[in-house]
Amino acid sequence: MVRLQRLSWADIPQAPITLPGGHQLAITLGLGSGLSRRPSDPPGLVHAVTDRGPNFFISQAVDEFGLEHFEHLRAHRDAKVLPTPENGPSIATLRVRDDAVELVRVVPLVDAAGVRLSGRPPDLPGREPLFDVDGGALTPGAFGGDVEAIAVLPDGSFALADECGPALLFADARGRVSARWTPLGAGAAYAHPGVDVRDVLPERAMRLRPNRGIEALCASADGRWLYAGFQSALMGETADSTEIWKLDAATGALAAVWRYPFDAPASFKRDAARRAVDLGDLKICEFAWAGEDRLLVLERIAHTTKIYLAELGVEITKTLLFTSDDHPEMGPDMEGMALLAPDTLVLVTDNDFGVEGATTEFWRITLDAPVSSVRR
């Protein structure tokens, strides 16, 4: 029987943000966008990544925070407000000890001069409208993005997925970004001193749905391969599946492509019980490497989280290992996942920096058997 345990964790308060009109926005460290570990890491050590920082929709700005100067922008349904756009993603190192999660350190992603990666994505088609707290449109940022996944490599450096664009970033153990892989033709928008920008990803990646770019990333144990997954189907593709890429970790060359088949929307029972759901709601949110062309895949809408072992052959075969429909105590918005031991996973929610009052949840899942022994 699968065993589930919530791990002890207390969200870490950050400096509150003063909004126009004096409203104090309390925020916490939001480190649930992605998790990763390498085989050589000490027991319990895991690496996490934050996304672009606190943000909220225009409707929230008006209805919850009283920012009436945004009322005329309410029709921009995809638009977001970024109160601290220059304080972008960071990498956090954590330790799972006994029944608790401890924070070891946090390092911001920076360039060679120490300038932080911002939360402002580059100027590319499909970029969602972003505004500062005064209602001004935020300018694009060549050295910016929204990091949603992390893969720690054998040498302790990191590959990270920026869902805007989308793009892959490479940073050393101290968080210094040295390189970026972009879709063909997009490199000029990312030009930044000291960052080696390479147009090596397929051009079609730029057909992503807004805020639905590369959301899942993991590396093979030897660091030779990166596996990248799009959160949802690209524009113009059928919405019942999405792409998984196998990339040469040294060059970015595309070695293989698979289409990951989503489950039927109605099978995400906790979500379907709350509202009508359809193919456009389906998401891949995380990978963990489980062997050559074998991935653990976190598939969800919001409230129902499923974990599959996906065998990447001529077609993808899926074996269900866990569903939160059997565990109503697990909260929504699971995004990060790492394999702590052959039969043990750790999952974490994205609390969106506590903007809406959500707290981070860490869960340990102990499977019936080691992942390596699972066969379809």
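Let me begin by describing the structure that accompanies this report. (Residues numbered from 1 in each chain as written. Predicted model: local features only at pLDDT ≥ 70, side-chain atom pairs only at ≥ 80, totals over all residues. Heavy atoms only, no water.)

Some remarks on the overall build of the chain
Part 1 of the argument: Helix and strand content of the chain: two helices and 26 strands.
Part 2 of the argument: By the compact-globule yardstick of 21 Å for 376 residues, the chain fits well, its C-alpha radius of gyration being 19 Å.
Part 3 of the argument: Overall, the chain is about 55 × 45 × 40 Å in size when its C-alpha atoms are taken along their principal axes.
Part 4 of the argument: Within the chain, buried positions represent 58% of all 376 residues.
Part 5 of the argument: Relative to all contacts within the chain whose residues are 6 or more apart in sequence, the contacts with residues 24 or more apart total 56%.
Part 6 of the argument: As displayed, the chain offers around 14800 Å² of accessible surface, 52% of which is attributable to carbon and sulfur atoms.
Part 7 of the argument: Each charge class in the chain was averaged separately, 37 positive and 53 negative side chains, and the resulting centres sit 3 Å apart. (Helix = DSSP H or I, 4+ residues; strand = E, 2+ residues; numbered from the N terminus. Rg over C-alpha atoms; globule rule 2.2 N^0.38 Å. Buried < 20%, exposed > 50% of the residue type's maximum accessible area, 1.4 Å probe, protein only. Contact = heavy atoms within 4.5 Å. Areas by Shrake-Rupley, 256 points an atom, 1.4 Å probe, with all protein chains shown as cover. Lys, Arg positive; Asp, Glu negative; His and termini not counted. Charge placed at Lys NZ, Arg CZ, Asp CG, Glu CD.)

Topic: the sheet that holds strand S18 (residues 241-248)
Where strands meet in a sheet, backbone hydrogen bonds hold them as pairs that are either parallel or antiparallel.
Part 1 of the argument: Ordered in space as S16-S17-S18-S19, the four strands form an open sheet in which the pairing is antiparallel. Each of the sheet's edge strands pairs with one partner strand only, and the pair in question is strand S16 (214-219) and strand S19 (254-261). Between one strand and the next, the sheet's axes are offset by a mean angle of 20°, whatever the strand orientation.
Part 2 of the argument: Here five bridges tie strand S17 (residues 225-230) to S18, and the two strands are oriented antiparallel to one another. Each bridged residue has a counterpart across the sheet, and for alanine 228 the counterpart in S18 is tryptophan 245. (Pairing = 2+ DSSP bridges. Axes fitted to C-alpha atoms, helices over the stretch in contact; angles between N-to-C directions.)

Concerning the sheet that holds strand S5 (residues 45-49)
Part 1 of the argument: Pairing within the open sheet is antiparallel, and its four strands lie in the order S4-S5-S8-S9. Both outer strands of the open sheet, strand S4 (34-36) and strand S9 (100-108), are each paired with one neighbouring strand and no more. Sheet twist, expressed as the mean angle between neighbouring strand axes with direction ignored, is 25°.
Part 2 of the argument: Pairing of S4 with S5 involves three bridges; the strand directions are antiparallel. Of the residues in S5, the one forming a bridge with leucine 35 is alanine 48.

Concerning the packing of aromatic side chains
Part 1 of the argument: As enumerated under the stated definition, the model contains five aromatic pairs in all.
Part 2 of the argument: For the pair phenylalanine 230 and tryptophan 245, a centre-to-centre distance of 5.1 Å together with 70° between the ring planes defines the contact as edge-to-face. Taken together, the positions of phenylalanine 230 in strand S17 and tryptophan 245 in strand S18 put the pair 15 residues apart, joining distant regions of the chain. Here phenylalanine 230 and tryptophan 245 have matching classes, each one buried. (Phe/Tyr/Trp six-rings, centres within 6.5 Å; stacked < 30°, edge-to-face > 60°.)

Let's talk about the pattern of salt bridges
Part 1 of the argument: Applying the stated criterion across every chain yields a total of 23 salt bridges.
Part 2 of the argument: Across the salt bridge formed by arginine 6 and glutamate 361, the nearest N and O atoms sit 4.0 Å from each other. Of the two residues, arginine 6 is situated in strand S1 (residues 3-7) and glutamate 361 in the loop between strand S25 (344-349) and strand S26 (362-366); the sequence distance between them amounts to 355 residues.
Part 3 of the argument: Residue classification places glutamate 361 among the buried residues on the basis of a relative accessible area of 12%.
Part 4 of the argument: Measuring nitrogen to oxygen at the nearest pair gives 3.3 Å for the salt bridge that ties glutamate 237 to arginine 259. On the criterion of sequence distance, the pair formed by glutamate 237 in the loop between S17 and S18 and arginine 259 in strand S19 is long-range, its members being 22 residues apart.
Part 5 of the argument: Through salt bridges with shared partners, a single ionic network connects Arg204, Glu237, Glu243 and Arg259. (Salt bridge = Lys/Arg side-chain N within 4 Å of Asp/Glu carboxyl O.)

Quick notes on the pairing of strand S20 (residues 283-289)
Part 1 of the argument: Among the seven residues that make up S20, six are buried, leaving the element largely enclosed by the rest of the structure.
Part 2 of the argument: Where S20 lies against strand S21 (residues 294-300), six bridges are found, and the strand directions are antiparallel. Bridge assignment links phenylalanine 287 to a residue of S21, and that residue is valine 297.
Part 3 of the argument: Between S20 and S21, which pair antiparallel one after the other, the connecting turn spans four residues, and glycine 291 there sits at a positive phi close to 135°.

Let's talk about the environment of valine 133
Part 1 of the argument: Its place among the elements puts valine 133 in the loop between strand S10 (130-131) and strand S11 (147-152).
Part 2 of the argument: On the basis of relative accessibility, which here comes to 14%, the residue valine 133 falls in the buried class.
Part 3 of the argument: For the pair valine 133 and serine 178, spaced 45 residues apart in the sequence, the C-alpha separation amounts to 31 Å.
Part 4 of the argument: Residues within four places of valine 133 in sequence aside, it is in contact with Leu19, Pro20, Leu67, His69, Phe70, Val81 and Pro83.

Concerning unusual backbone geometry
Part 1 of the argument: With an omega dihedral of -10°, the bond running from glycine 165 to proline 166 counts as a cis peptide bond.
Part 2 of the argument: Take proline 166: it is sitting in the loop between strand S12 (158-162) and strand S13 (167-171).
Part 3 of the argument: A positive phi angle, close to 55°, is found at aspartate 293, a residue other than glycine.
Part 4 of the argument: Along the chain, the position of aspartate 293 falls in the loop between S20 and S21.
Part 5 of the argument: Exposure remark for aspartate 293: the relative accessible area of 17% places this residue in the buried category.
Part 6 of the argument: In this model, aspartate 333 sits at a positive phi of 65°, which is unusual for a non-glycine residue.
Part 7 of the argument: Along the polypeptide, aspartate 333 turns up in the loop between strand S23 (316-323) and strand S24 (334-341).

Considering the side chain of glutamate 335
Part 1 of the argument: You can see glutamate 335 is positioned in strand S24.
Part 2 of the argument: Glutamate 335 gets classed as buried once you look at its relative accessible area, which sits at 9%.
Part 3 of the argument: Of the polar contacts made by the side chain of glutamate 335, one reaches the side chain of arginine 300; its length is 3.3 Å.
Part 4 of the argument: Beyond its immediate sequence surroundings of up to four residues, glutamate 335 is in contact with Gly32, Ser33, Glu148, Glu215, Cys285, Glu286, Leu298, Arg300, Val348, Thr349 and Asp350. (Polar contact = N/O pair within 3.5 Å; in protein donor to acceptor, adjacent residues only side chain to side chain.)

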